[in-house]
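# Summary of structural features
In case you want the letters, here they are:
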Amino acid sequence: MNEIVTKDGSITFHNEEYDETYHSVTGAVEEAFMKFAIPSLESLKGKKNIKILDICFGLGYNSAAAIDEILKQDISCDITIVGLEKDEKILEQIIKLKHEPRIISYPVIKEMIEHGYKYERNGIKVDLIIGDALKTIKKIKGKYDIIFLDPFSPKKNPELWTEGFFSQLRKLIKDDGILTTYSCAGQVRRNLKAAGFEVKDGPCVGRRSPSTVALPL
């Protein structure tokens, strides 16, 4: 697995099976904050318990960035994160990173890996489920305030961008919840709409095209 230094100095890796990097080479940590964590905060006002479903967990940047932003906003709440990831090779890299990303809460992710994919301390709980998301999504119970959707591209990983998969996510998101993803592909947005989401432009980071924010209808 080849390590790549992105333009913001943070590390990502190249996946040989999909022939893509796990994050944008314009800035892996920047992407985690700007396309995933920060846009999701709009749905958290007044909540005492925040539940996040992180699909395609990877190096855990999105979840760690979300914890940072919640704590930064001084939102007094418990945080529960469930991550889905099928590639244990990328999870092994979390412990091996020579340079930790500039995310204050990243030690939470490292400790979670070291303790059998589970972490619970100081009101923060993280559980990681290993396996193909098409199968593991069926094991998920309850409703979530935030869903991070971060698979490889629709071209390389089309099964996680379908109307059918999005329909399962629609059942798992709270009525006032929010889904964030980096892709703004036309078919992705059409599938989200068909599955019961309202689609809006998210931030433009590292390229002209915006990311996507989806709200349940």
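One can find the structure itself at the top, above this paragraph.
Predicted model, so just to flag it, every value in this text is computed and none were measured. (Residues numbered from 1 in each chain as written. Predicted model: local features only at pLDDT ≥ 70, side-chain atom pairs only at ≥ 80, totals over all residues. Heavy atoms only, no water.)

### Focus on the overall build of the chain
Along the chain, the regular secondary structure elements total seven helices and 11 strands. Computed over the C-alpha atoms, the radius of gyration of the chain is 16 Å, within 12% of the 17 Å expected from 2.2 N^0.38 for a compact globule of 217 residues. Expressed along its principal axes, the backbone C-alpha trace of the chain runs to roughly 45 × 40 × 30 Å. Per-residue burial for the chain yields a buried fraction of 57% across its 217 residues. For the chain, the proportion of contacts with a sequence separation of at least 24, taken over those separated by at least 6, is 67%. Split by element, the accessible area of the chain, about 10200 Å² in all, is 49% carbon and sulfur. If you average the places of the 32 positive and of the 32 negative side-chain charges in the chain, the two averages end up 4 Å apart. (Helix = DSSP H or I, 4+ residues; strand = E, 2+ residues; numbered from the N terminus. Rg over C-alpha atoms; globule rule 2.2 N^0.38 Å. Buried < 20%, exposed > 50% of the residue type's maximum accessible area, 1.4 Å probe, protein only. Contact = heavy atoms within 4.5 Å. Areas by Shrake-Rupley, 256 points an atom, 1.4 Å probe, with all protein chains shown as cover. Lys, Arg positive; Asp, Glu negative; His and termini not counted. Charge placed at Lys NZ, Arg CZ, Asp CG, Glu CD.)

### Points about helix α6 (residues 163–172)
Three or more residues of α6 are buried, namely Phe-165, Phe-166, Leu-169, Arg-170 and Leu-172. Buried residues of α6, viewed axially, fall in a sector of 160°; they line one side. (Arc of directions from axis to C-beta.)

### Looking at the sheet that holds strand β1 (residues 2–5)
Spatially, three strands are ordered β1-β2-β3 in an open sheet, and the strand pairing comes out antiparallel. Both outer strands of the open sheet, β1 and β3 (20–21), are each paired with one neighbouring strand and no more. As paired elements, strand β2 (residues 11–15) and β3 share two bridges and run antiparallel to each other. Pairing of Asn-15 across the sheet is with Glu-20, part of β3. (Pairing = 2+ DSSP bridges.)

### Some remarks on the pairing of strand β5 (residues 78–85)
For β5, a buried count of six out of eight residues is recorded, marking the element as mostly surrounded by other parts of the structure. For the segment spanning strand β4 (residues 49–55), helix α2 (residues 61–72) and β5, crossover handedness is right-handed. The pairing of β5 with strand β7 (residues 124–130) spans seven bridges and is classified as parallel. Bridge pairing in β7 links Glu-85 to Ile-130. (Right-handed = clockwise from strand over helix to strand, strands pointing away.)

### Some remarks on the pattern of salt bridges
Going through the model one piece at a time under the given rule, you end up with eight salt bridges. The salt bridge partner of Asp-176 is Lys-47, with a shortest N-O separation of 3.2 Å. With Asp-176 in strand β9 (residues 173–181) and Lys-47 in the loop between α1 (28–40) and β4, this residue pair connects regions lying 129 residues apart in the sequence. The partner of Lys-174 in a salt bridge is Asp-145, with the nearest N and O atoms 3.2 Å apart. Residue Lys-174 is located in strand β9, and its partner Asp-145 is located in strand β8 (residues 144–149); the two are separated by 29 residues in the primary sequence. For Lys-174, a relative accessible area of 25% puts it in the partly exposed group. (Salt bridge = Lys/Arg side-chain N within 4 Å of Asp/Glu carboxyl O.)

### Remarks on the packing of aromatic side chains
Using the criterion set out here, one finds five aromatic pairs in the structure. Between Tyr-22 and Phe-152, the aromatic rings sit 5.1 Å apart at their centres with planes inclined by 55°, giving tilted as the arrangement. Taken together, the residues span a long stretch of sequence, with Tyr-22 in the loop between β3 and α1 and Phe-152 in the loop between β8 and α6 at a distance of 130 residues. Judged by relative accessible area, which is 11%, Tyr-22 ranks as buried. Ring plane angle 85° and centroid distance 5.6 Å describe the contact between Trp-161 and Tyr-182, whose orientation is recorded as edge-to-face. With Trp-161 in the loop between β8 and α6 and Tyr-182 in the loop between β9 and α7 (186–194), the pair connects residues that are 21 residues apart, well separated along the chain. Of the two residues, Trp-161 and Tyr-182, neither departs from the other in class, the shared state being buried. (Phe/Tyr/Trp six-rings, centres within 6.5 Å; stacked < 30°, edge-to-face > 60°.)

### Observations concerning the nonpolar core
Core analysis: the biggest nonpolar cluster contains 71 residues, and Leu-53, Ile-55 and Tyr-61 have the highest contact counts within it. For Ile-55, the residues in contact, after removing those within four places along its chain, are Leu-84, Ala-133, Ile-137, Ile-147, Phe-148, Leu-149, Asp-150, Pro-151, Phe-165 and Leu-169. (Core = buried A, V, L, I, M, F, W, Y, C linked by side-chain atoms within 4.5 Å.)

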